Amino acid sequence: MPKKIIVADQAAPPGGPYSHAVVAGDHAYLAGACPVLPDGTWVTGDFAAQARAAFTNLARVAEAAGGDLGKAVRVGVYLRDFADFPAMNEIYVEFFGTENLPARTTLPVALPGFDIEIDAVLYLGE
């Protein structure tokens, strides 16, 4: 089964040599989304603004892959400061709701100059 490379024109450009997403079979593997605008400008400032920008990028990539965040089966959230975990959870439900949630891992990591990165796997089957 060949893989399909996804380029999301409405999302921030990739920050390196990788695709926004790859569809293989019934699954879409979304690369890490950061707080960057589609023109490449980094969103700075408070955590909430950065988180909403990153989740918006992830949603736009999901749409370009033929799905939406409601089709996520796994999400990875990476936080520079784990003290932002409660705020991230509040924003998370804005994008994923409160029912039929995907599995999720949230980890503190060293992110240079930004506060959050998010990746996901979607199931695109019926």
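Novice: Before we go on, may I ask you to explain the sheet that holds strand S6 (residues 116-123) in this structure?
Specialist: Within a sheet, adjacent strands bond to each other through the backbone by hydrogen bonds, running parallel or antiparallel. Spatial ordering of the open sheet is given by S1-S2-S3-S6-S4-S5, a layout of six strands whose pairing is mixed. Whereas interior strands pair on both sides, the edge strands pair on one side only; in this sheet they are strand S1 (4-6) and strand S5 (103-108). Adjacent strand axes in the sheet meet at a mean angle of 15 degrees, parallel and antiparallel pairs treated alike. Contacts from helix H1 (residues 47-64) reach S1, strand S2 (21-24), strand S3 (27-33), strand S4 (72-79) and S6, with the element oriented near 25 degrees to S6.

Novice: Would you mind showing me how to read H1 here?
Specialist: Because an α-helix completes one turn every 3.6 residues, residues spaced three or four positions apart along the sequence face the same direction. With 18 residues, H1 extends 26 Å from end C-alpha to end C-alpha; this agrees with the ideal 26 Å at 1.5 Å per step. If you check which residues of H1 are buried, you get Phe47, Gln50, Ala51, Ala53, Ala54, Phe55, Asn57, Leu58, Ala59, Val61 and Ala62. Looking at the buried side of H1, the elements it contacts are S1, S2, S3, S4, helix H2 (85-96) and S6. Following H1 by one or two positions, Gly66 adopts a phi angle in the positive range, close to 95 degrees.

Novice: Looking at this model, I keep getting lost on the side chain of Asp115. Mind explaining?
Specialist: Mapped onto the fold, Asp115 is located in the loop between S5 and S6. Residue classification places Asp115 among the buried positions, given a relative accessible area of 8%. Separated by 2.6 Å, the side chains of Asp115 and Arg80 make a polar contact. Beyond its immediate stretch of four places on either side in the chain, Asp115 contacts Gly45, Phe47, Gln50, Tyr78, Leu79 and Arg80.

Novice: Just to check I follow, could you spell out the packing of aromatic side chains for this structure?
Specialist: A ring pair, where both rings are aromatic, is described by two values, the distance of the centres and the angle of the planes. Within the structure shown, the criterion is met by six aromatic pairs. Ring geometry for Phe55 and Phe95: centres 5.3 Å apart, planes at 20 degrees, overall stacked. One end of the pair, Phe55, is in helix H1; the other, Phe95, is in helix H2, with 40 residues separating them in the sequence. With relative accessibility at 0%, the residue Phe55 sits in the buried group. Accessibility expressed as a relative area gives 25% for Phe95, which makes it partly exposed. Considering the side-chain rings of Tyr92 and Phe96, the 4.4 Å spacing of their centres and the 20 degrees angle between planes classify their relative orientation as stacked. Taken together, the residues Tyr92 and Phe96, both in helix H2 and four residues apart, mark about one turn of the helix. In textbook terms, an aromatic cluster arises when at least three aromatic residues are bridged by ring pairs, as seen for Phe55, Tyr92, Phe95 and Phe96. Lying across the ring of Tyr92, Arg104 places its NZ or CZ 4.5 Å from the centre.

The rules we used
- Residues numbered from 1 in each chain as written.
- Predicted model: local features only at pLDDT ≥ 70, side-chain atom pairs only at ≥ 80, totals over all residues.
- Heavy atoms only, no water.
- Pairing = 2+ DSSP bridges.
- Helix = DSSP H or I, 4+ residues; strand = E, 2+ residues; numbered from the N terminus.
- Axes fitted to C-alpha atoms, helices over the stretch in contact; angles between N-to-C directions.
- Contact = heavy atoms within 4.5 Å.
- Expected span 1.5 Å × (residues − 1).
- Buried < 20%, exposed > 50% of the residue type's maximum accessible area, 1.4 Å probe, protein only.
- Polar contact = N/O pair within 3.5 Å; in protein donor to acceptor, adjacent residues only side chain to side chain.
- Phe/Tyr/Trp six-rings, centres within 6.5 Å; stacked < 30°, edge-to-face > 60°.
- Lys NZ or Arg CZ within 6 Å of the ring centre and 35° of its normal.

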